[in-house]
Each structure stands twice: as structure tokens, then as C-alpha cells.
Amino acid sequence: MTVLPDDGFSLAAEFPNPSHEQWQRLVAGVLRKTGKDVPESAAEEALSTALEDGLTTRPLYTAGTAVCTTDASGLGAGGGEFPGFAPFTRGGRAEGNVLAGWDVRQRHDHPDPARTNEAVLADLENGVTSLWLTVGDGGIPLDALDRVLEGVYLDLAPIVLDAGADFEAAGRELLRIHAERGTPATEVRGNLGADPLGHAARTGAHDEVPAALAAAARLAREYREQYAGLRTLTVDALPYHEAGASAGQELGCSLAAGVAVLRELTAAGLSADEAFGQVEFRYAATADQFLTIAKLRAARRTWARIAEVSGTAQAGAQRQHAVISPVMMTRRDPWVNMLRSTVASLAAGVGGADAVTVLPFDHAIGLPDAFARRIARNTSTILIEESHIGRVIDPAGGSWYVEQLTDELAHAAWEWFQEIEGAGGLLAGLRSRLVEERISETWQARRTKIARRKEPITGVSEYPLIAETPVRRDPAPAGRSGGLPKVRRDVDFETLRARSDAHAEQTGARPRIFVAALGPASAHTARAAFAANLFQAGGIEPVHDPVSVDASGVAAAFAASGAELACICSSDALYAEHADPVARALKAAGAQWVYLAGRPGELREALLQAGVDEFVFAGSDAVAVLTCALDRMGVA
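Residues numbered from 1 in each chain as written. Predicted model: local features only at pLDDT ≥ 70, side-chain atom pairs only at ≥ 80, totals over all residues. Heavy atoms only, no water.

Draft legend 1. Summary view of the environment of Arg147. With respect to the helices and strands, the residue Arg147 is situated in helix H4 (residues 145-148). Arg147 gets classed as partly exposed once you look at its relative accessible area, which sits at 33%. For the pair Arg147 and Ile365, spaced 218 residues apart in sequence, the C-alpha to C-alpha distance is 26 Å. Discounting chain neighbours no more than four positions away, the residues touching Arg147 are Pro113, Ala114 and Asn117. Side chain to side chain, Arg147 and Asn117 meet in a polar contact 3.4 Å long. (Helix = DSSP H or I, 4+ residues; strand = E, 2+ residues; numbered from the N terminus. Buried < 20%, exposed > 50% of the residue type's maximum accessible area, 1.4 Å probe, protein only. Contact = heavy atoms within 4.5 Å. Polar contact = N/O pair within 3.5 Å; in protein donor to acceptor, adjacent residues only side chain to side chain.)

Next comes the structure, spelled out in C-alpha cells:
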């Protein structure tokens, strides 16, 4: 192998060093070619994307545009500090995850203790390093906990409980099992999972929170010396995420919950250092990888600020458990969930999560099977062992984009946290429905984007496979409810597909729409594919036969399709010449409703007169279009 001398040679040396103004000028030129005449100074703004929480993603980040410095909020610098030191933006530990990757934590909630034990042992034998057990309502019976943990080396596998209102009984039962099996107190690790505020958010049991917080604090005080490796409380942000919260709202609610827990712990006699050491946070990881990375970094930074004002800055290294977002998991084409989970778990690892739970790809359908669990645990294993994600500390650190996003998200979360505190704290915010109403506003805005396919869902709103064989699973336990709602990204399209499924079962055929493509394939393919994709998202089968039609043959083709609706597809030039007679022929042949793919511009009024009833195009409300289409065909 030839080693080239380090003579200072740069591959870019012969290229000119462009200025920011030159870049803006070139971007403005490209935009003008697309019909957008914007001044050079506004080129970046034209390419920027508005996010939730008032955040904006810019097309270019430089040292001059991405500013992450201390400001009046007192949050401190957004980047530049060392990992393992306050404000912990770059990681809670100096060594990051380089020693062993992250804790691969799998969730179990099957009510049958024998089946759960089988799944637990399979997980632990194949890469899982800790267990997250849902106990009580919606999960494993409390008296079956011993059976579930049969054969588990409790000194090697930390146990994290989620027992809702029964956290004290579940915690004592777990410690009884440890004692019965002779686990040394120094080897007892995990979390008893007391989370009164999270439980109230899920169930609406607000009146129980004060007594439950006091009981959790007593439990922490009782066990803090004997079990040094055991945490007592969890601050679970998933109830807010699952209700449709933005990243900033999720963080703000978790900070408010964390502060309420700290107040109770210190009131019970724990020092500030001990109180911070008793709490673990749980956040959602989504396929929006950069937002997830920034969220975890911002969570550590904001929690460190709370530790700082509490007088114990170095105790503020937030312990984080990242869970693949249930909101993004789809019921249709669930195999795509594997891809979403891979991106989300990558983001969780890069963001510095201490533990990661990859939900099985069939999580949204019911209880997972062995194959789904295997894929879930192997996702983390590949990222840790083969991709070596954990071998770099804060790999996204130093990216102007990530640093800016972290900074902006931290401030958005802090602002929401202060508003909750100003309203009397998280419990008061839940009781007054301030939290629910604000999250609902966010979710409705996002739901509109999903309906217009501005936030596409592969396999659901984009590229659906209506002929796919549904994946069947045993129903999952109902879980806890009564508080904040649980939302899913696919909910509106799932409703449409369910209507189509029921219709197909009753009649033996799906509702259909005839695709009336005009002219050669080069003229109509793009819009015909758009229309087919759109209507299949609602479970409506497109019939594109023959490939091309004209006014003389379209009536016969429509009659042969067995459809009640039709959609004309072609180029604007061919619409001007052929759309009018084709629309009239379709109406004469009995088409109940005639769509035209595209924005007709000046032809609009003439096409409406000819019989076109509606225009469909990118950005139109797909859910509304499809709902009305099914209604017109009598699909109940």
C-alpha cells in the first residue's frame, strides 16, 4: 500500500471558495426557473420548512446562521461542552455508549405468564439486556410476576416495571422475588416505575396523584440506601406524545412532571442529589431522525438547567429510555414499520439514549409473534454490533443543523414548561385540560397535513397495497384509558380502508373507479399513477383498462369496468382538446361523479360545464375526497 505524504495538498484547492451571497444568487436562479420569482436575499426563506413548535428548518446552516449561545432564558450554551459534564447536551456520561452500546430493553405485556416467560427468555438469550414489564391492568397479572421471571438471572438483567396505580405492590413483589432468589442488594438494578402523573395523564385519575406521589417518595426513601442501583420513579412522556404532542410539548410536559417529582422527593427527606438519581425519563423516538436526535439532546440540556438551579448541577445527567413511537406504527403494510423503527432507533442511539426499546413491527395490530420480536431486538443489535453507532460519542454534535435544532427545541420546550408551571404545575394543567387542549391543537394541525399527504405515510397514504393479505394477531390487552386520547398517524386512512374491507366482504369486490387516461403514456402516466395512488389509499380499486381512451370509446370502457366513478388523467395540453367530450361521454354512460387529475387553471369553468365534478391534485384533502367518494358509492 502506498502512503501519500502529508504535504498539505487539498483536493478543493483549485476550486474557488464561494460566498454565501453567490449561493443565494444561484438558488434564486433555480427558483425562477420553477416560476418562483424571489429576491436573492429571500432565497433561503423560500426553501425553509416550518415545523411544529414554531421551529423552522433552513436549507443551509453555517457558523454565521446557526447561533447556539447563552441568552436571557438562562438555558446555557447549546453545544461545545464536553460529554459527561453539565449541561449534558452531548451525553450524560463522559464515555457515552462506546463501551457496550445502549441498553437493549424489550417490552412485555402478554397476560399469559407462560407465553411471556417464553418470550422473555428468548429475548435475553438473543441480545436483549433489560426487561420492561407492564404489570396489572392491561398486562401481566401481579401474582404471575414470579412465573414470568422464572429462569431469568436477575443479577444480570435489570427489570423496569410499569404497574400504573399498583406500582408499590408491584415493586415490593419484585424485590421479594430478588430476595427469595438470593440476589445481592448491590446487584439489584432497574426501576420500580412509579409514575403517578403519567398514570393520571393516561387514565384521568387526577385525584389520586398527591397520595401516589407521596407513596412513591416514601418508597424511594425506604430503598435508596439498600438498593443503590435501583431507581424508583419514571417520568413517562409517552402519554403526551401518544396524544399528539409536538416534540417541544412532549419535553415541556416531562420537565413539569420531573419537577413535581423532585419536589415530592425532597419533601420526603431526600437530598437534591438523591432525588435526581431516583428518576428516569421515557421519550418517543420517531422516524424524523434529526428531530429525535435534537429532542434527546434538548431534554438533557433542559433537565440539567433544572439541576443547576436546584444547586446540584452535576447530578442533572438525565437517564433516558427511548421507545419507538407507537403513533407512527401503521396497521396497513406493517412491514414498513421495520424501516421506520430502524431509523428511529438509529436516531435514539445517535441522540444518546441510555436504553432503547424497539417495538415489534406488528405492535399496532395486536400481540407480537416471535418473528416480530426477533426483528425488533436484532434492529438494536445490528446498529450496535455491526454499524457501531455507539462507538462515537455524540456523532451529531458539531453539525450546525443539529446544534441549532437542539437549541431551538430546548427553548420551545422551556417556554411550554414555564407556561405549565405558571398554571400551577402539570397536575393543574391536566385537571384544567390546558395540556389536552394545547396538544389537541397541535394534533389537529398535523392531522390536516396528513390528510393532505404533506406528511406522507408509506403503505397507507402513499403506495398502498389494497390487495395485500392482512397480518393477523391476537388482540393486545386494552391498556389504560380515560385520560388523554391516543392517536395514530394512520387513523383517518385506516377508517377508509376498513370501510372498503367491509364492502369487499359483503359484495365480493372492492369499490372501483375508472381511470380514463387520454393520449399516449408519456402524457398521462404521471397523473394516472397519482390518481391510482390516491384512490387506493381509500381502498378504492382503480381500473385502468384500456391504457388510453377517447370520446368515442370511453363509454364502453367505463361500462366494462364495473365502476361508478371516473377520473380523467392526462396533460394540460390534452385536457384542452379532449377532456370536454370525454367528460360528457362519461356522464352519459352513467358515471356518478367525474374527477379530473390536476389543476385546470383557465379550463376550470368549461370543464365544470362539460361534466367534471371535482379536481384532485397534490395538496388537496385526500381524506375528504376519499370519504365523499365512498359515500357516493354507498360504502357504509
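Now that the structure has been shown, the text picks up again.
Draft legend 2. Representation of empty space enclosed by the protein in the model. Evaluation of the coordinates by the stated rule reveals 4 cavities of 30 Å³ or more. Here the second largest cavity is characterised by a volume of approximately 120 Å³. Secondary-structure elements contributing two or more residues to the lining of the second largest cavity are strand S5 (159-162), helix H6 (196-203) and strand S7 (230-236). Counting residues per element, the lining of the second largest cavity draws most heavily on H6, which supplies 3 residues. In terms of residue class, the lining of the second largest cavity is made up of 1 nonpolar, 5 polar and 6 charged. (1 Å grid on protein atoms, 1.4 Å probe; cavity = no way out; pocket = protein on both sides within 12 Å on 5 of 7 lines; lining within 4 Å. Points joined across faces, edges and corners; volume = space filled by probe spheres on them. Nonpolar A, V, L, I, M, F, W, Y, C, P; charged D, E, K, R; others polar.)

Draft legend 3. Main features of the environment of Gly459. By the element assignment, Gly459 lies in the loop between helix H16 (434-451) and helix H17 (491-507). Among the residues examined, Gly459 registers a relative accessible area of 0% and is labelled buried. Those residues within four positions of Gly459 in sequence are excluded, and the remaining contacts are Arg332, Asp333, Pro464 and Arg497.

Draft legend 4. Layout of the sheet that holds strand S14 (residues 593-597). The 5 strands are arranged S12-S11-S13-S14-S15 in an open sheet whose pairing can be described as parallel. Among the strands making up the open sheet, the edge pair consists of strand S12 (541-543) and strand S15 (614-616). Here the strands of the sheet are splayed against their neighbours by 30° on average, with no regard to which way each runs. When strand S13 (residues 565-569) meets S14, the two strands line up parallel, connected through 4 bridges. Along S14, the bridge assignment pairs Cys567 with Tyr595. Along the sheet, helix H19 (residues 554-561) contacts strand S11 (512-517), S12 and S13; its crossing angle with S11, the most-contacted strand, is approximately 155°. Strands S11, S13 and S14 of the sheet are contacted by helix H20 (residues 572-588), whose axis makes an angle of about 170° with S13. (Pairing = 2+ DSSP bridges. Axes fitted to C-alpha atoms, helices over the stretch in contact; angles between N-to-C directions.)

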